[in-house]
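# Reading the structure
Spelled out, the chains give:
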Amino acid sequence: MTDTSTPKTDQNVSLLNRFLRATEIDTRLLGMVGALLLIWFGFHFYGAIFGNGGFFLTPRNLWNLSVQTSSIGIMATGMVLVIVTRNIDLSVGAVLGLTAMIMGLLQVNVLPPLIGLGNPFIWIIAVIVGMAAGALIGVFQGWLIAYRGIPAFIVTLGGLLVWRGCAFLSAGGRTISPVDENFALLGGGPYGAVGATGSWIVGLLACAGVIWMLHSGRKQRVMHDFKLRPMWAEAFLAVVGCGAIIGAVLLVNAYPWPRGIVNAYAKANNITVPPEGLFISHGFAIPVLILVAVGICMTILMTRTRFGRYVFAIGGNPEAAALAGINVKWMTLKIFALMGMLAGLAGVVASARLNSATNALGVFDELYVIAAAVIGGTSLAGGLGTIYGAILGALVMQSLQTGMVLIGFDTSVQQIVVGSVLVFAVYLDNLYRKKVK
Amino acid sequence: MTNKGTPLVEMRDISISFGGIKAVDHVTIDLHPGEVVGLLGHNGAGKSTLIKCLSGAYQADAGQILIDGKPVTIGNPRDARAQNIETIYQTLALADNLDAASNLFLGREIISPMGFVNDSKMEAETRKIMQRLNPNFKKFNVPVSALSGGQRQSVAIARAVYFNARILIMDEPTAALGPQETEMVSELIQELKKQGLGIFLIEHDIHNVMKLCDRASVMKNGQLVGTVDVDKVTDEDILSMIILGKKPEKAA
C-alpha cells in the first residue's frame, strides 16, 4: 500500500493557482460567477448600444430578477438531492401547480367561511397545507420508485400529467384569485419586501454569519492540527463575502417603491408626501429571503448531516451505501418527499407573486429546475452537486430569460438560446471535470 | 489450532437460492477466536454468497447463524455491524465520490453534540488509523476515486479494523494488490489474529491459504466439500478438493 503521490513543486505553479489554493475557492464557483457577470454585462451593454438603453444592471431589474429566480431556485435545491442520487423528478412543475391550486382554493373558498376573511391564520394554514400536500405527493412518488421499483423517470413523467390534470379538475379550470393579503406578501412586491432597515439587519446578520463560519472553521482546524489557510486568505474571504452581502443590501435599497404605491401608502398612514416624492426602499423581497433560507438549510443538510452524507454516498455507489447499513429505499422516499415539499413552497411563492392560482402555473418549470441544477454542476451520473451551484444555475437561467425579454427577443429565440446554453454549459462542465482529473 | 470451546461464529445448515438455483446448499462452517478460516472454491462456488449472509447483504432462506453459541438474526448490514462483524468486500464497497474519512465512517459518522457530522474529528481519527496501517497515505482530502488500488484497499481495511471487529470477513483482500502490499495485508492478518479476532478469508491463491489460514473450507457448486486443518494437508490435497470436489482420505 504505497502512496505514489509526490508533492508538486511549487515553482511552476502560477500566482493564480497559489491564490486559489490558499483561499480554497472552488474554481467551478468562480467560473459560474464569471459566466453570470458576462451575461449581465453582455445584456446591459447590448441594450445600451443596439437597443433602447441598458436596463439590465439597474436596481429595479436586478431586484425583479432576484424575485423571479426564487421559485425555480427553491425547487432546484431539492432537485440537487434527487439528481445526486441518480434519480430525476419531472413532476415538480405540476406539483407546484397542484399545490398552488389547493392553497388557492383553501384561501378563497374553504377558510374564509370557516374562520373569517382576512384572518391572520389563513396564510399560515395555507402554507402548511400546501407544503404538506407537496410532501405527500413526494412520498407517494418516492414509494413507487423505491419500494415498487418503477424508474423515477416514468413515475414522475406520469406525475407530470396526473398532477397537472388534478390541478385542472380541482378548480374546474378556473383561475383562483385573489389570494389572502398576508399570503400575497410571500410573493414579493413593494409590501412583500423587508424595507431598508430590515435589509440592513439581514445584511449585518449575514456578515456576522460569514465571519463566524470562517472563525469556527479555523478553530476546528487548529484543534486537529490540520493545514490552515494563510491569514491574508481568510481576510480576503471575509472581505469578499461581506462585501457581496453589503453590495446586495445597497442594491435592493436603491430600488424605491413606485410613486403610486408611495402615495397610496402615505394616504393610508397619513403621511404628507413632499413634492419631490418619498424615497421608500424595497429592500430584500420576502421570496428571496425564503430562497436564501432554503439554500442555507439545504446546504447544512447536505454538508453537515448524516442525511446529506448518505445522499452523496448513494449517488457515488448505491451498493456500497447499502452495505454500509444505509437504508437506500427509505432515503429515496425521504428525498422525494423533501422535493415535493419544496415544490409546495415554490407553489406558495409563485402563486403569491401572481396573486392567483392558475392552471398554467409551473408549466415547464421542471425543465428549468433540472437545467438550473445541471448548469450548477450537478452530475446526472450522480454523486456530485452543490446547493449554491443550483441556485446560481437558476440565476443564470433567469438572467438569460430576463435579458432577452429586455432587449426584445421573441419567445422562440429565447427558447433556442436557453436550450443551447444548457447543452453548452454541460459540455463545458465535462471539459472542466476532465481537466481537473 | 484445535477447535475447542464455543465457536465465535457458527453458520449452521445455511441455504440460499436465487431463482431456483441453489447458490448455497446446506453449508455449515464455523470460526473460533484467533483463527483464520480460508474459504475456497471456484468462481461461482458460493463462497461470497455464503459470507454475504453473515455480513447482512443477503438473508439465508434456511439455516441458523450462532455467535458465541447464541442464535442471532442478521437481517441487514447494520445487524451484522452490531455483532461486531466487519467485512472487506472484493469490490471494496467504497463511495468513489467521498473522501477517505467519509468512507471510513459511512453509516457510523461521528456526530457533534449539535447533531452535525464532525468532519474534522473523523479526519483526525482517519489520520490516526492510517498512520498505523499505511503510513504513506496522505490523500485525505480527495475523493477515493483519485486513489490507487492499494490506497483504496487500505481505506477499506481501515474501515473494518477501526470499529473493533471481533469477526472479520475478507473477500479476496489481495486480489488487486502488488507483492509489497500483499505482504502488508498478510502481516495485518497475523496481527489481528494475535488480538483474538476470527477471520474468514476468501482467497484464490493457494500459497496465501497455506501461509495464513488455520483451517480451510472448500466449496463446490454451492455445497461444502469439506473443512480441513491446513497443517495436516498439502496444497495438492486442497487443490484436488477445489477441482474434484473430493475430500482427501487422511484428513477426513
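Residues numbered from 1 in each chain as written. Chains lettered and ligands numbered in written order. Predicted model: local features only at pLDDT ≥ 70, side-chain atom pairs only at ≥ 80, totals over all residues.

The secondary structure content of chain B amounts to eight helices and ten strands. Relative to the globule expectation of 18 Å for 252 residues, the C-alpha radius of gyration of chain B, 18 Å, shows essentially globular dimensions. In chain B, buried positions account for 48% of the 252 residues. (Helix = DSSP H or I, 4+ residues; strand = E, 2+ residues; numbered from the N terminus. Rg over C-alpha atoms; globule rule 2.2 N^0.38 Å. Buried ≥ 20, exposed ≤ 12 C-beta atoms within 10 Å, placed from the backbone.)

Tallying secondary structure elements over chain A gives 17 helices and zero strands in all. Rg of the C-alpha trace for chain A: 23 Å, near the compact-globule value of 22 Å for 437 residues, within the 12% margin. The C-alpha extent of chain A, read off along each of the three principal axes, is 75 × 60 × 45 Å. Looking at chain A as a whole, 43% of its 437 residues are labelled buried. A separation of at least 24 residues holds for 78% of the contacts in chain A among residues at least 6 apart in sequence. (Contact = placed C-beta atoms within 7 Å.)

All names here are of chain A. Considered domain by domain, chain A is made up of domain 1 (27-193 + 285-436) and domain 2 (194-284). Broken down by secondary-structure element, the contributors of at least two residues to the side of domain 1 that touches domain 2 are helix H3 (59-84) and helix H11 (286-304). Among the elements that take part in the side of domain 1 that touches domain 2, H3 stands out by supplying four residues, more than any other. The residue inventory of the side of domain 1 that touches domain 2, partitioned by class, reads nine nonpolar, no polar and one charged. (Domains from an automatic or database assignment. Nonpolar A, V, L, I, M, F, W, Y, C, P; charged D, E, K, R; others polar.)

The interface of chain B with chain A comprises 34 residues on the first partner and 28 residues on the second. A class-by-class count of the residues in the side of chain B that touches chain A yields 13 nonpolar, 13 polar and eight charged.

Here the bond from A:Ser177 into A:Pro178 is cis, since omega is -10°, no more than 30 degrees from zero. Position of A:Pro178 among the secondary structure elements: in the loop between helix H6 (152-170) and helix H7 (181-185). In the Ramachandran plot, A:Arg86 falls in the positive-phi region, its phi being about 70° despite a non-glycine side chain. For A:Arg86, the position within the fold is in the loop between H3 and helix H4 (92-115). Judged by C-beta crowding, with 17 C-beta atoms within 10 Å, A:Arg86 ranks as partly exposed. In the Ramachandran plot, B:Asp68 falls in the positive-phi region, its phi being about 55° despite a non-glycine side chain. Assignment of secondary structure puts B:Asp68 in the loop between strand E4 (62-67) and strand E5 (70-72). By C-beta crowding, B:Asp68 is classed as partly exposed, having 13 other C-beta atoms within 10 Å.

With that settled, the discussion passes to helix H8 (residues 235-244) of chain B. Residue and element names in this part refer to chain B. Buried within H8 are the following residues: Asp237, Ile238 and Met241. Looking straight down H8, one finds that the buried residues subtend no more than 95° of arc, so they occupy a single side. Set apart from the buried face of H8 by more than 90 degrees, the exposed residues are Asp235, Glu236, Ile243 and Leu244. Phi turns positive, to about 75°, at Gly245, one or two residues after H8. (Arc of directions from axis to C-beta.)

A few words on the nonpolar core. Residue and element names in this part refer to chain A. In terms of nonpolar packing, the biggest core is built from 186 residues, with Ala76, Met79, Ala313 and Ala372 touching the most fellow members. Per element, the largest residue contribution to this core is 16 residues, and it comes from helix H14 (residues 328-354). In this view, Ala76 contacts Val369, Ala372, Ala373, Gly376, Ala390, Ile391, Gly393 and Ala394; residues no more than four positions away in its chain are not counted. (Core = buried A, V, L, I, M, F, W, Y, C linked by C-beta atoms within 7 Å.)

Annotation of chain B at the domain level lists domain 1 (1-84 + 167-252) and domain 2 (99-164). For the side of domain 1 of chain B that touches domain 2 of chain B, the per-class residue count stands at five nonpolar, two polar and one charged.

Here we come to the sheet that holds strand E2 (residues 21-31) of chain B. Residue and element names in this part refer to chain B. With antiparallel pairing, four strands are arranged side by side in an open sheet as E2-E1-E4-E5. Strand pairing shows two members of the sheet lacking a second neighbour, E2 and E5, which therefore form its edges. Sheet twist, expressed as the average angle between the axes of neighbouring strands with direction ignored, equals 30°. Here strand E1 (residues 9-18) runs beside E4; their pairing, made up of five bridges, is antiparallel. (Pairing = 2+ DSSP bridges. Axes fitted to C-alpha atoms, helices over the stretch in contact; angles between N-to-C directions.)

Residue and element names in this part refer to chain B. Burial runs high along strand E9 (residues 215-220): six of the six residues are buried. Residue alternation in E9 divides its side chains into two sets, Arg215, Ser217 and Met219 and Ala216, Val218 and Lys220, and both sets are buried. Pairing geometry for strand E3 (residues 36-40) and E9, over four bridges, is parallel. Opposite Leu40, over in E9, you have Val218 as the bridge partner. In terms of strand pairing, E9 meets strand E10 (residues 223-229) through six bridges, oriented antiparallel. The residue bridging Ser217 from the neighbouring strand is Thr227, located in E10. A loop of two residues connects E9 with E10, the two strands running antiparallel in sequence, and Asn221 in this loop sits at a positive phi of about 50°.

A word on the confidence of the model for chain B. Residues and elements named next belong to chain B. On average, residues of chain B carry a pLDDT of 88, and 97% of them reach 70 or more. Confidence scores differ between elements of chain B, with H8 showing the lowest mean pLDDT of 85 and helix H3 (residues 100-104) the highest of 94. Reported confidences for the modelled complex are a pTM of 0.90 and an ipTM of 0.88. (pLDDT = per-residue confidence, 0-100.)

Residues and elements named next belong to chain B. Inspection of the secondary structure assignment puts Leu201 in strand E8 (residues 198-202). On the basis of neighbour counts, which here come to 25 C-beta atoms within 10 Å, the residue Leu201 falls in the buried class. Sequence separation between Leu201 and Cys213 is twelve residues; the distance between their C-alpha atoms is 7.9 Å. Apart from the residues lying within four places of it in its own chain, the contact partners of Leu201 are Val36, Val37, Gly38, Leu39, Met170, Leu212 and Cys213.

In this section: the pairing of E3(B). Residue and element names in this part refer to chain B. With five of its five residues buried, E3 lies for the most part within the structure. Of the two faces of E3, both are covered, the one formed by Val36, Gly38 and Leu40 as well as the one formed by Val37 and Leu39. Where E3 lies against E8, four bridges are found, and the strand directions are parallel. By the bridge assignment for E8, Gly38 is matched with Leu201.

Residue and element names in this part refer to chain A. Interhelical geometry of H11 versus helix H12 (residues 306-316) gives an angle of 70° and a closest axis separation of 5 Å. Accordingly, the angle class assigned to the pair H11 and H12 is roughly perpendicular. Contact with H11, carried on its side by Leu301, Met302, Thr303 and Arg304, involves Phe307, Gly308 and Val311 of H12 and no other residues of that element. For the contact of H11 with H12, a count of residues per class yields four nonpolar, two polar and one charged. (Parallel < 35°, antiparallel > 145°, perpendicular 65-115°, else oblique.)

Right, let's talk about the packing of H3(A) against helix H15 (residues 365-375) of chain A for a bit. Residue and element names in this part refer to chain A. At a closest axis distance of 8 Å, the pairing of H3 and H15 adopts a crossing angle of 65°. As far as their axial angle goes, H15 and H3 are roughly perpendicular. In this structure, H3 crosses over H15, and the sense of that crossing is right-handed. Here Ile72, Met75, Ala76, Met79, Val80 and Ile83 of H3 come into contact with H15, specifically with Asp365, Tyr368, Val369, Ile370, Ala372 and Ala373. Among the residues making up the contact of H3 with H15, the classes are represented as eleven nonpolar, no polar and one charged. (Left-handed = near helix turned anticlockwise from the far one by under 90°.)

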